[in-house]
Amino acid sequence: MRDFDEITSFLGDYGLFQILIIVLLSFSAMPAGYMGVIVVFVSDTPEHYCRSSINSTRYGTDWEQENGFQERGSWMGPGSCSRYKLRENWTTAAGFNDTEQCLDGWVFSTDRYTATIVSEWDLVCDNAWKVPFSTSLFFVGVLIGSFASGHLSDRFGRKPVLFFTMVLQTVTALIQATSVTWVMFSILNCLRGLGQISSLIASLILGSEMLSQSVRVTYILLGHSLGFGIGYALLPLFAYFIRGWRMLLVAAAIPGFLFIPTWCLIPESPRWLLQKGRVEEAELVIHKAAQWNRVPAPEVIFRQNKDEEEQTYTYMDLIRTHNIRNITIFGVFIWMSVTMVYYGLSLNSSNLNGNVYLNCFISAAIDIVVYVATWLLINRAPRPTFLFSTLMFCGIMLLVIQLVPEDMPVMFQVLALVGKIGVSAAYCFIYVFFTELMPTVVRNMGLGICSTAARIGAIISPYLLYMSVYSRILPYIIFGTVSIMAAVVSMLLPDTRNSKLPDLITQTKHIRR
């Protein structure tokens, strides 16, 4: 059979059909944009102090609620995890050295949030580990989804997996908003992560396989990635007006429901249908596309070879030949490194100085600008060189942070955000690059394996951020070093600029030596 792009070239590049696909699938990426980082607001730790003893005359009074955060240091205790022991006939505990744990719980500030899961279930002090753990469970779900959805999508189709996982992500967010315990919240967090990444990858592959070579890069960067970035940018806006974590999750689920009716407008990937031997269905998709674009289509578009038998591919095919094995191994390391650094810097928004809503919006705005800039620059340099440059730039900026004096927090923050420019470009670019590297017959499985490795990096990132309790610059040193290592490895990958998508494993490119 001739090349798919050549056969379907009569459809043109930017007809009504292609524009519809770009818009709808880009919209599907918006929920994934904020679902991955909504934890910044849902799990943030408000300012808090020990609640006074029930035997204290100040327990539960207006004085405690209104003046506690200003006066706590002088009378309640030396820190947020302990308090001075109650003495008879005392009016202030200042000066006493005897302390005890917060036996009556904590009082949390409501200046920023009406409630988070931290204030809901007292996830501070000895229970503080539950916050990064619940975040990591989200990425465990993402890991499982990355691995499972690739196989399911290559076996049952891109479209069914896309819509099923979108429903899963949306319904899980609604149920999660009704969580009555931290355990219930964490389990649902895992399921929400599974739906988030599965829908994101399925929509990416579906659009890439339906669009021509010249439109594919535009779709991934200005459509899919930009939709992801806009969803990320909407998060601080929603969180600013919705200060409670439960209603924020409800609001986050609404766009997913709006996407479900598009089932009747989005077709299955004709490339996938052809690989499964479903030629008539593939031709039906192309004929409908021709009708939308108002162009004539030949009666017989694809000629089926009766001697060919459908071949079933598995994950073992990703290591079966020398070329695909090298691409898979390098992809696993690069995706894990890029995602660990990207989510590490994104989740760090609440730890930076200044307003958490503004910091999150700036971080999202950087992503959007970077996606547009990447689209403008992507064809001006070989693919490996572009990836190397972005990761090396990020690594250098993050390593320079250790040279910044303690009394210059603004410079510290600027370098962190500038470093994010590099890793944000790499994060959207690897979707373009590895979509072009993986052949159609194992593309979803290949990206699924890479994405699975990426989620291992994402699972690690909250714990690396938690290390800032001991050393503020240590997470940045780790992120910077990993980014530079990934940059070096990326130079071994083959260039796919202006290349057609490979369909068979035998068409996989050789690595560079």
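This is a predicted model, so every value here is computed, not measured.

**Q** Explain the pattern of salt bridges to me, please; I cannot follow it from the model alone.
**A** Any two side chains of opposite charge can pair if their charged atoms end up close together. Under the counting rule described, the total for this entry stands at 6 salt bridges. Here Glu209 and Arg158 are joined by a salt bridge, their closest N and O atoms 2.7 Å apart. Of the two residues, Glu209 is situated in helix α8 (residues 182-210) and Arg158 in helix α7 (residues 158-176); the sequence distance between them amounts to 51 residues. Residue Glu209 is classed as buried on the basis of its relative accessible area, which comes to 0%. Between Glu281 and Arg278 there is a salt bridge, with its nearest N and O atoms 2.8 Å apart. The exposure class assigned to Glu281 is partly exposed, which follows from its relative accessible area of 37%.

**Q** Just checking my understanding: could you explain the nonpolar core for this structure?
**A** The nonpolar side chains of soluble globular proteins are, as a tendency, buried together. In this structure, Phe41, Phe302, Tyr431 and Phe434 are the most contacted members of the largest nonpolar core, which totals 145 residues. When residues of this core are assigned to their parent elements, the largest contribution, 14 residues, is made by helix α16 (residues 409-437). When residues are assigned to domains, this core turns out to be shared by domain 1 (1-51 + 100-304) and domain 2 (318-512), each giving three or more.

**Q** Sorry, what's going on with the environment of Gln169 here?
**A** Summarising the element assignment, Gln169 is placed in helix α7. Through-space distance from the C-alpha of Gln169 to that of Gly195 is 4.5 Å; in sequence the pair is 26 residues apart. If sequence neighbours within four positions are ignored, Gln169 has contacts with Pro31, Ala32, Met35, Arg192, Gly195, Gln196 and Ser199.

**Q** Is there a simple way to think about helix α12 (residues 279-293) in this case?
**A** The α-helix advances 3.6 residues per turn, and as a result positions three or four apart in sequence lie on the same side. Spanning 15 residues, α12 covers 21 Å between terminal C-alpha atoms, matching the ideal 21 Å at 1.5 Å per step. Buried within α12 are the following residues: Val279, Ala282, Glu283, Val285, Ile286, Ala289, Ala290 and Asn293. The buried residues of α12 occupy one face: seen down the axis, they fall within an arc of 155°. Exposed residues lying more than 90 degrees from the buried face of α12 are Glu280 and Gln291. Looking at the packing, one finds that the buried side of α12 touches α1 (4-7), α2 (16-35) and α11 (270-275). Phi turns positive, to about 60°, at Arg294, one or two residues after α12.

**Q** Please clarify how the environment of Ala32 should be interpreted in this entry.
**A** Within the secondary structure, Ala32 is located in helix α2. For the pair formed by Ala32 and Tyr232, sequence separation is 200 residues and the distance between their alpha carbons is 8.2 Å. Setting aside residues no more than four positions away along its own chain, Ala32 makes contact with Gln169, Gln196, Leu200 and Phe228.

**Q** Is there a simple way to explain the packing of helix α9 (residues 213-241) against α16 in this structure?
**A** As a packed pair, α9 and α16 sit with axes 10 Å apart at the nearest point and diverge in direction by 135°. Here α16 runs oblique to α9, going by the angle between their axes. The hand of the α9/α16 crossing is right-handed. Residues Val217, Ile220, Leu221, Ser225, Phe228 and Tyr232 of α9 pack against Lys420, Tyr427, Cys428, Tyr431, Val432, Thr435 and Glu436 of α16. When the residues that make up the contact of α9 with α16 are grouped by side-chain class, the tally is 9 nonpolar, 2 polar and 2 charged.

So, how was this worked out
Residues numbered from 1 in each chain as written. Predicted model: local features only at pLDDT ≥ 70, side-chain atom pairs only at ≥ 80, totals over all residues. Heavy atoms only, no water. Salt bridge = Lys/Arg side-chain N within 4 Å of Asp/Glu carboxyl O. Helix = DSSP H or I, 4+ residues; strand = E, 2+ residues; numbered from the N terminus. Buried < 20%, exposed > 50% of the residue type's maximum accessible area, 1.4 Å probe, protein only. Core = buried A, V, L, I, M, F, W, Y, C linked by side-chain atoms within 4.5 Å. Domains from an automatic or database assignment. Contact = heavy atoms within 4.5 Å. Expected span 1.5 Å × (residues − 1). Arc of directions from axis to C-beta. Axes fitted to C-alpha atoms, helices over the stretch in contact; angles between N-to-C directions. Parallel < 35°, antiparallel > 145°, perpendicular 65-115°, else oblique. Left-handed = near helix turned anticlockwise from the far one by under 90°. Nonpolar A, V, L, I, M, F, W, Y, C, P; charged D, E, K, R; others polar.

These values are about where atoms sit, not about what they do.
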